Amino acid sequence: MRTETVIDPSAEILALQENMVKEVSDLLPRSQVEIIGAMAVPMAGRPELDILVLSEDITADSEILTQNGYNQGPVVNETSFLKKMSDNVEVAIQIMSADNKMVDIHRNLIEILRDDEELRKKYEEFKHTLSGLSKEEYKKRKSEWLETNILPLAK
């Protein structure tokens with residue numbers, strides 16, 4: 001069974017993030033591309049980069065990315081999920097319309113964590129306790145922590 005690791009932000013992963021945002025932006029020039037997730041703060045997290053694409057044509061943008069090495073995942077609630085690996089880092093793409101309610105949630109979570117150093121440190125400490133768990137258990141526990149400690153602040 002593969003287990004999760006938690007890493008701290010580094011110059012290498014932040015440079016990779018910048019390169020991946022540029023790659024996706026170049027592939028999808030009519031869409032808005034921004035970073036979300038732990039490395040957008042930046043803070044500790046899985047070796048993963050989360051990229052949000054705001055699109056007027058989710059299907060077409062998904063197809064362009066699949067033609068350029070991204071693996072199509074599920075399409076849920078009008079959001080298309082794609083992934084690829086780059087330098088042992090998972091690059092996770094979410095493509096959705098600009099009016100999707102998740103856009104504001106992602107942005108609010110990032111802003112809260114950037115603005116509240118004490119909360120960010122508590123969250124990072126908690127995430128480090130998740131190293132060694134299965135992906136499913138990692139996500140379950142992380143979601144529970146978010147729902148209890150951060151999401152109430154985002155409303």
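Structure first, text after, so check above.
Residues numbered from 1 in each chain as written. Predicted model: local features only at pLDDT ≥ 70, side-chain atom pairs only at ≥ 80, totals over all residues. Heavy atoms only, no water.

**Quick notes on the packing of aromatic side chains**
Applying the stated criterion to the full structure yields two aromatic pairs. Each ring, one from Y123 and one from W145, has its centre 4.7 Å from the other, and the planes form 10°; the classification is stacked. Of this pair, Y123 sits in helix 4 (residues 117-128) while W145 sits in helix 5 (residues 135-149), and the two are 22 residues apart along the sequence. Given a relative accessible area of 4%, Y123 falls into the buried group. Classification of W145 by relative accessible area gives buried; the value is 12%. Judged by centre distance (5.5 Å) and plane angle (20°), the ring pair of F126 and W145 falls under stacked. Of the two residues, F126 sits in helix 4 while W145 sits in helix 5, which places them 19 residues apart along the sequence. Of the two residues, F126 and W145, neither departs from the other in class, the shared state being buried. (Phe/Tyr/Trp six-rings, centres within 6.5 Å; stacked < 30°, edge-to-face > 60°. Helix = DSSP H or I, 4+ residues; strand = E, 2+ residues; numbered from the N terminus. Buried < 20%, exposed > 50% of the residue type's maximum accessible area, 1.4 Å probe, protein only.)

**Thoughts on helix 5**
For an α-helix, the turn length of 3.6 residues means that residues three or four places apart are oriented alike. A rise of 1.5 Å per residue sets the reference length of helix 5, with its 15 residues, at 21 Å; its end C-alpha atoms lie 21 Å apart and thus fit the reference within 8%. When we look at burial in helix 5, the residues that qualify are K135, Y138, W145 and L146. In an axial view of helix 5, the angular spread of the buried residues amounts to 100°, which keeps them on one side of the axis. Turned more than 90 degrees away from the buried face of helix 5 sit E136, E147 and T148, all of them exposed. Looking at the packing, one finds that the buried side of helix 5 touches strand 4 (79-86), strand 5 (89-96) and helix 4. (Expected span 1.5 Å × (residues − 1). Arc of directions from axis to C-beta. Contact = heavy atoms within 4.5 Å.)

**Here we look at the nonpolar core**
Counting 19 residues, the largest nonpolar core has V24, L49, I51, V53, Y70 and I93 as its most contacted members. Where this core is concerned, the elements lending two or more residues are helix 1 (11-27), strand 2 (48-54), helix 2 (58-66) and strand 5. Per-element accounting of this core gives the leading share, five residues, to helix 1. Counting residues in each nonpolar core, the second largest holds 18 residues, with A44, Y138, L146 and A154 among its members. (Core = buried A, V, L, I, M, F, W, Y, C linked by side-chain atoms within 4.5 Å.)

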